[in-house]
Every structure is written in structure tokens, then in C-alpha cells.
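# Residue-level structure breakdown
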2 protein chains.
Amino acid sequence: MLRPTRMHALAIKSDLEIMRQQMVVVDDDESYAMKGGEGPHSYAKNSIIQKGLIDGSKRLIHEAISQSFDPKEHVHGNDEPSKPICIADLGCSTGPNTFFAMQTITEAIQQQFQSHGLASQIPDIQVLFNDQVSNDFNTLFKNLPQQRIYYATAVPGSFCGRLFPKQTLHLVHSSAALCWLSKLPNEITDSDSSACNKGRIHYTDAPKEVADAYATQYSKDMGNFLHARAQELVENGLMLLQFPVSNVLLDSDVDPAKVFELIGTCLVDMAKVGVISEEKVDSFNVPLIYPSVKAVKEIFRGCDECFSIEWMEILEFKNMVSLPTVQIFVSWFRAALQGMIEKHFGAEIVDELFERFAEKVKEFPDIMDTDKLKLDVLFVLLRRKNKARP
Amino acid sequence: MLRPTRMHALAIKSDLEIMRQQMVVVDDDESYAMKGGEGPHSYAKNSIIQKGLIDGSKRLIHEAISQSFDPKEHVHGNDEPSKPICIADLGCSTGPNTFFAMQTITEAIQQQFQSHGLASQIPDIQVLFNDQVSNDFNTLFKNLPQQRIYYATAVPGSFCGRLFPKQTLHLVHSSAALCWLSKLPNEITDSDSSACNKGRIHYTDAPKEVADAYATQYSKDMGNFLHARAQELVENGLMLLQFPVSNVLLDSDVDPAKVFELIGTCLVDMAKVGVISEEKVDSFNVPLIYPSVKAVKEIFRGCDECFSIEWMEILEFKNMVSLPTVQIFVSWFRAALQGMIEKHFGAEIVDELFERFAEKVKEFPDIMDTDKLKLDVLFVLLRRKNKARP
């Protein structure tokens, strides 16, 4: 073995520098996930809204794949080994919605091969289920459909960063997940900031600075999301996104985020009677946003070197979800928020909080009326352009 | 849309037939996994033997990769997108051993690129952590090294079947996992069979028919393992396997499987005092085998159309693991067996069983003496040949 010279040592140092740059550095402090397991308050048992979104766009998914997914790109000569079709579901949670979505997509892909006379040449399909590190992947795996046409894989981490090797994904799906911020904007809990959000847990009816801070974080998150996917998708790769958007039409409509105002008042009431501290309420905020379609379009426009918009359609939320009972309505929000409430306030307050919330919902039943909700669902199909990588 | 004719309907039927054949059918009834979580009895806290195996073969892994992994195969021209290097760890359990093994392998791969002057061209590396569906993947994800040079992915299922798409793996690793059978041979619990294993929980000191049934199942499992990997590995892909083998030298040595005889007598004692039923003991058997090197070589020879043996080395177990205390020794077996004992007898017997086992170990301390154990570790490097697929 050669003794390293100074030059050699320098070369090694610069190699190490290169390797350090290749490191996958994961910061998951802000990780929160839907309620795991299969118990009465679990996401698995309380995600009928999200199921409604997938049901409502099933036809669109079929049409989008039929128009935009070219099976011939995936069929090679006899000499070349067949490469798998890789599909990622970002923000998949624990099931069963993700299984339903993946069945819809894989069936649509099969039909594409079939309609092109290529049924015998369908490559292996690999589905990559992604959610935050704290997601209950054990429950996801336990309930994987016994008969499925894909190889199942789980990938932990925030979808605002890189999750997959370069140019390995053919189709990205994400349903009802892109409304969650990766983190709360710092200024929201900074008492010296004009965007400090005391006595509330969301931007609804908050000072404009609070809503602006949410919007800025959202724009940053979506930028990171698109930047990461631009690297991970193959050229011509597709991205099928569905997420709730606000739709301000009439003043008599109910702001979709009003529900967090209601939960916030429950927490304030609990602080008043000394169950929790006021400071804890002031520092708690729900990292969820219902952006306007205009804001979303602007963000996509900022990424038009990498992505072309192939399809954009607004679906009416009221057509996707039917009127719930108070109990079902409360359970939806409990499944989504329980994890972060436990982390912030402790597990012991959860039952009381959602009992109080149920009482408030009975008092203001309009909050459940999907007909009056200023909420739509945006369905978007993006395609990775054949251009230089970011 | 065309109305389907009879011919068309037949064509669709035959397509569906083809698609059905492409289905991934998973039967995981026999799934058992190491004890999850991070508690005092968890695998994560009680897997120092298995860590010893990886430690002991770290130098061999580096040498094997240095000799057999060609970085030039992974570097493409500027036009072609770089493809990730995919590494699977089969039977990974919950960590930390798998993280240590993957760090060793990925560092060795980096060094290969570096020593060929290709440090700036290392492709993305993807590690696929595999274990049975009931493995605690949540704990695995939670403890993933924060700074790592690979994208992490989990794949659930038995490694005796297909787990990954065709020709997608570059390196397969498996440490201390290939000693577990995929299932117990049926005849072991069939009271009409001469291989019925009443009053024991393993093949040690059992009639020859019992040991033969274990050996037949092992041979079948290893055949399935190699057959599946032959399809999943790329041409020239490597497989690094380490697993315990028996090494019958002197009669004064301790049979490595004697420990199960000892645990078996504890269960028989518990049946005698009525804590569990005799039938439950008769139907319980540990699906673990320490094959002879000769038996393993014969199995590999049966797969020599697909794999060439690049390296085979016997490592002395006693050099890899130091003499444990009774408590540590008992904890090893508890972490490995607790899951299947709970499934078979119920969780309430576990504490008593391992207290009784600790007493027996104190009575027969030779069982812990690694110097006297008839146990070695086989280190094997196989290469996927450039031949027709099975």
C-alpha cells in the first residue's frame, strides 16, 4: 500500500468533502403523523373525508393515466432487462385510503398496457409508501392487501425534502396531504413578532401577519416539494396531486378553517379553568393551510422550467363528502390532531378536549354543512419536463 | 367506445389471466419476528451476538467489496441518468445491527469509488431494509442514523419469496437470519407421523426423522431464497451472507442447539404443574436450524447455474462473541423467542418461562461457554452469473 503523500491526503480530504455533500441529512424534529393503530380514534378508522377525495377523483385518475401515461416507454427489447414502474404515494398515512388509491392507479396502468396490446409485457410495479417518520408503518404493512399487483415498500421522512434516489420515480401521487405545513413559521410563537398568534391555534380570524406567515411557509414548502420531485422523477414522469383549497364565494359560506377556531376556543376554555396553561395554548398552532387556487397556480408557475401542468380541475368538496354526524365529524379531527396535541399538551387532555369540541359542534352545526363550506379540492396532473435538473 | 365482441371479451379474459399471474400473493400466517420496541427485553437491546457476527466479518465485507464490486459498472456517460445502487438487508430486524452493517457496506462502496478516482461520481445509494411483516419497522425508522449516505426504505415479507422487482438489486446482505426456517415442517406436529416431535421444542436429541424434516424444510427454504434472489439481482450482483452453522468436532463440545433442549424442559416442567397444557408444548417447536457446512455447500451447488461462489470462509463463533453473563444469555433468547412464545402460549407465561430458563442455565453453565460450542459462522460471497433467469 502506498504511503499517503500530502497531495494524496488533500485528494482524500476533497473526496470526503464530496461524500459529505452526498449525505442524506434528516431533521425530523417537527414530525407529526395521523393517529396510528386500528383503534376507535385511529386514522385507519376515521379517514372517510380523505377516502371521499380519492373516490371523487377515481375517474379523473383513470382519465389522466389514460391520456398521459405511455406504456411504450416501459417496454424494452428482449435483450434489455425490464425496469420496474415506480409509484410513490406521499403522505400515505396507515391505510386503507392509500391502498385504494394505489389499486386505482395500478389498475389504470394495467389497462393502459392492455389497451395498447402490451398486457403480457407489464413490468414489475413497485409502490413506495411515504409518510413522516412517526407514521405507524407497522399498521400499514399489517393491512397491505393480500392480493396486490405491486411490490410494497415504505419510505420515512418529510416530502418537503429528498426521499428517493435521482430519477427513479415514474408516478407520484399525493392525496389530502399537501395541506400540511412541514413546520410552523417561527414568528407565530414569537411574542415580539407582529405575527404572534396568541389565544388562537390557526390563522382563521387572526391578524393578517399570521395568515401571511402561514402563506410564506406554504410557498416555501411547496417550492421544496416541487424541487425534490423534479430530481426524483424520470423525464416525462407524472405527478397526480389532490388537496383541499379554499373557495371564497359568498359571505354566508363557512370558512373551512373555522373549525380550528372552534377547537381553539375549547383550549382557551380549558386554560381558563386551569386544566392547561395559557402559555401552552399560545404556543400551539395547527400547521394546516387551505390555500387559494390563485396562490397554488403562482407556485406552480415558479417551477415551470421543471413541470408542465397537464390538467387542473376544481372538484366541489360537497360532492365528495356527505353530511357527517357530530360523532363522525369530531372523530375526523381527533384522528388528524391527536398526535400533535399529545406531543404538546400531554395525552391526558385529549378526551376532555374532544368532548368539549363535540359540544361546540352541536352548538354550531353549520360548521359541518359541506354545502356551505368554502372548500374545494384541487386535482392537478403535472409532468416532468425533459430539461436540465435543478 | 367499442362494444366488446366475444373475441374481445376472450382477449380481455386472457389478459386478466396474465395479470393474475403477475400478482404478488403474500401469505404471512407464519410470520414471527424479533421482539420490537426498545424496552429491556427488545431485540434492539439484546442482539449483541448478532452484532458480534457483523463486527467479526467487517474486515471480510471490506475485502469482499474491494475485490468484487466494480464501481465502473455504476458510472455512466453524461447523457445517461445515474442509476442508484440498491442494497437489501434481509432479516434486518429493528436495529442497531442493521445500521452498523449498512454503514460498513456503504463505506466500503464509497472507498471503491474513491480508490478508482470516481469519488465525485458515486450514484445515490438506496438501502432496502427487509424483515417479516410483524417486524417493528416503526422502531427501525425512528432510530435510522440521522446522518447517513443512503436513502432508507423498508420492505415487509418473507425472504423465501419474491420481495423486489426483477433485476433491481446490486448487493444483498443477510446476517444471522438464514438460520430461521420460513415455517415448521407439518409432520413435526402430526401425531400420526414418525417425525412428530412430542415433549421437545427442537430437533436436538430428537428422533432422526425430526432432524430430517428440519433439514428438508431448510433445503426448500434456501432453494426458494436463492431462486428469488436470482431474479431480483442484476447480472454480476453480489450477495453477502453470514449465518451460524454447526461444527461437530469433539463429543465433549456442546451442541449449539442444546439450549433449546433446556428451554424445552422448562416448558415441560410448566406443563407438569399445570401452567400450560401438554398439547401446547407438543405443538410448539422453534423454527431454527444450524446446518452443516456440507449441507449448505450442496444447496449452493444446486443453484450454480445462477450463482458462483466467490468466497467462502468459516469464522469461529468463539472469536466473535465473548462469554456472557446468565442474564445477558437469557436475554438473547428472550428477544428472539418472545414473539413466537406469546403467539403460541400467550403473553402471561413469558416471565416465568425465562426465570425458569435462567435457573437451568445456572445449573448447566457450560451451555454459555462459546469455547465449547459446536458453532461456527459461515461467511459467503455469491455472484449472480450472466445467465438465463430461472
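Refer to the structure printed above.
Residues numbered from 1 in each chain as written. Chains lettered and ligands numbered in written order. Predicted model: local features only at pLDDT ≥ 70, side-chain atom pairs only at ≥ 80, totals over all residues. Heavy atoms only, no water.

A count of helices and strands for chain A gives twelve helices and nine strands. Counting every position in chain A, which comprises 390 residues, the buried fraction comes to 57%. A sequence separation of at least 24 residues applies to 84% of the contacts in chain A between residues at least 6 apart. Entry remark: accessible area of chain A is about 17,100 Å², with carbon and sulfur atoms responsible for 50%. (Helix = DSSP H or I, 4+ residues; strand = E, 2+ residues; numbered from the N terminus. Buried < 20%, exposed > 50% of the residue type's maximum accessible area, 1.4 Å probe, protein only. Contact = heavy atoms within 4.5 Å. Areas by Shrake-Rupley, 256 points an atom, 1.4 Å probe, with all protein chains shown as cover.)

Glancing now at the nonpolar core. Counting residues in hydrophobic clusters, the biggest one holds 261 residues, and the most contacted among them are A:Phe260, A:Phe357, B:Phe260 and B:Phe357. No other element matches helix 11 (residues 326–345) of chain A, which puts eleven residues into this core. Leaving out residues up to four positions away in the same chain, A:Phe357 has contacts with A:Val259, A:Leu262, A:Ile263, A:Cys266, A:Phe329, A:Val330 and A:Phe333. (Core = buried A, V, L, I, M, F, W, Y, C linked by side-chain atoms within 4.5 Å.)

Moving on to the packing of helix 3 (residues 58–68) of chain A against helix 4 (residues 97–115) of chain A. All names here are of chain A. Where helix 3 contacts helix 4, the two axes come as close as 9 Å, and the packing angle between them is 35°. Considering only the axes of helix 3 and helix 4, their crossing is right-handed. In contact with Lys58, Ile61, His62, Ile65 and Ser66 of helix 3, helix 4 contributes Phe100, Thr104, Ile105, Glu107, Ala108, Ile109, Gln111 and Gln112. Partitioned by chemical class, the residues of the contact of helix 3 with helix 4 number six nonpolar, five polar and two charged. (Axes fitted to C-alpha atoms, helices over the stretch in contact; angles between N-to-C directions. Left-handed = near helix turned anticlockwise from the far one by under 90°. Nonpolar A, V, L, I, M, F, W, Y, C, P; charged D, E, K, R; others polar.)

To find leftover empty space, a probe the size of one water molecule is rolled over the atoms. All names here are of chain B. Scanning the model with the defined rule gives three cavities of 30 Å³ or more in all. Its volume calculated, the largest cavity comes out at about 80 Å³. Surrounding the largest cavity, Tyr43, Gln50, Ile54, Asp89, Gly91, Cys92, Asn97, Thr98, His173 and Ser175 form its lining. Contributing elements (two or more residues each) for the lining of the largest cavity: helix 2 (48–56), helix 4 (97–115) and strand 6 (169–175). Of the residues belonging to the lining of the largest cavity, the class tally is three nonpolar, six polar and one charged. (1 Å grid on protein atoms, 1.4 Å probe; cavity = no way out; pocket = protein on both sides within 12 Å on 5 of 7 lines; lining within 4 Å. Points joined across faces, edges and corners; volume = space filled by probe spheres on them.)

Residue and element names in this part refer to chain A. Enumeration over the complete set of coordinates arrives at 28 aromatic pairs over all chains. Aromatic pair Phe99 and Phe129: ring centres 5.9 Å apart, planes at 80°, arrangement edge-to-face. Placement of the pair is Phe99 in helix 4 and Phe129 in strand 3 (residues 125–131), with a sequence separation of 30 residues. Residue Phe99 shares its accessibility class with Phe129, and that shared class is buried. Three or more aromatic residues joined by ring pairs make a cluster, and in this case those are Phe260, Phe329, Trp332, Phe333, Phe354 and Phe357. The ring of Phe225 carries Arg229 above its face, with NZ or CZ at 4.9 Å from the centroid. (Phe/Tyr/Trp six-rings, centres within 6.5 Å; stacked < 30°, edge-to-face > 60°. Lys NZ or Arg CZ within 6 Å of the ring centre and 35° of its normal.)

Another aspect to go through is the environment of A:Asn197. Residues and elements named next belong to chain A. Positionally, Asn197 belongs in the loop between strand 6 (169–175) and helix 6 (208–232). Owing to a relative accessible area of 0%, Asn197 belongs among the buried residues under this scheme. Measuring from C-alpha to C-alpha, the distance between Asn197 and Ala211 comes to 9.7 Å, with 14 residues separating the pair along the chain. In contact with Asn197, not counting residues within four places along its chain, are Ile188, His202, Ala206, Val210, Asp282 and Asn285. Of note is the side chain of Asn197, whose polar atom sits 2.8 Å from the side chain of Arg200. (Polar contact = N/O pair within 3.5 Å; in protein donor to acceptor, adjacent residues only side chain to side chain.)

The next point concerns the pattern of salt bridges. Under the definition given, this model contains 36 salt bridges over all chains. A:Lys72 is the salt-bridge partner of A:Asp70, the closest N and O atoms lying 3.7 Å from each other. A relative accessible area of 29% places A:Asp70 in the partly exposed class. A salt bridge links A:Asp351 to A:Arg334; the shortest N-O distance between them is 2.9 Å. Here A:Asp351 is found in helix 12 (residues 350–363), whereas its partner A:Arg334 is found in helix 11, with 17 residues between them in sequence. Accessibility expressed as a relative area gives 44% for A:Asp351, which makes it partly exposed. Residues joined in a network through salt bridges with shared partners are A:Asp124, B:Arg162, B:Lys166, B:Arg229 and B:Glu232. (Salt bridge = Lys/Arg side-chain N within 4 Å of Asp/Glu carboxyl O.)

The subject of this paragraph is the environment of A:Val155. Inspection of the secondary structure assignment puts A:Val155 in strand 5 (residues 151–156). Here A:Val155 falls in the buried class, since its relative accessible area comes to 1%. Put simply, A:Val155 and A:Phe137 are 18 residues apart on the chain and 9.3 Å apart in space, counted from C-alpha to C-alpha. Excluding residues that lie within four positions of it along the chain, A:Val155 makes contacts with A:Leu128, A:Phe129, A:Asn130, A:Asp131, A:Phe137, A:Leu163, A:Phe164, B:Ala152 and B:Thr153.

What follows deals with the pairing of strand 7 (residues 233–246) of chain A. All names here are of chain A. Strand 7 sits mainly inside the fold: twelve of its 14 residues count as buried. Handedness of the crossover joining strand 6 and strand 7 through helix 6: right-handed. Of the pairings in the sheet, the one linking strand 7 to strand 9 (residues 375–384) comprises nine bridges and is antiparallel in character. Residue pairing in the sheet places Ser246 in a bridge with Leu375 of strand 9. (Right-handed = clockwise from strand over helix to strand, strands pointing away. Pairing = 2+ DSSP bridges.)

Residues and elements named next belong to chain A. If you trace the backbone, Val268 turns up in helix 7 (residues 258–272). Taking the C-alpha atoms as reference points, Val268 and Ile201, 67 residues apart in sequence, are found 9.7 Å from one another. Excluding its chain neighbours within four sequence positions, the residues that come into contact with Val268 are Gly199 and Val281.

Turning next to helix 12 (residues 350–363) of chain B. Residue and element names in this part refer to chain B. Counted at 1.5 Å a residue, the expected span for helix 12 with its 14 residues is 20 Å, and the 20 Å between its end C-alpha atoms agrees. Taken together, the buried positions of helix 12 are Val350, Leu353, Phe354, Phe357, Ala358, Lys360 and Val361. Each buried residue of helix 12 lies within a common arc of 165° when the element is viewed along its axis, so the set occupies one face. Structural note: helix 12 exposes Glu355, Lys362 and Glu363 on the side pointing more than 90 degrees away from its buried face. Contact partners of the buried residues in helix 12: helix 7 (258–272) and helix 11 (326–345). (Expected span 1.5 Å × (residues − 1). Arc of directions from axis to C-beta.)

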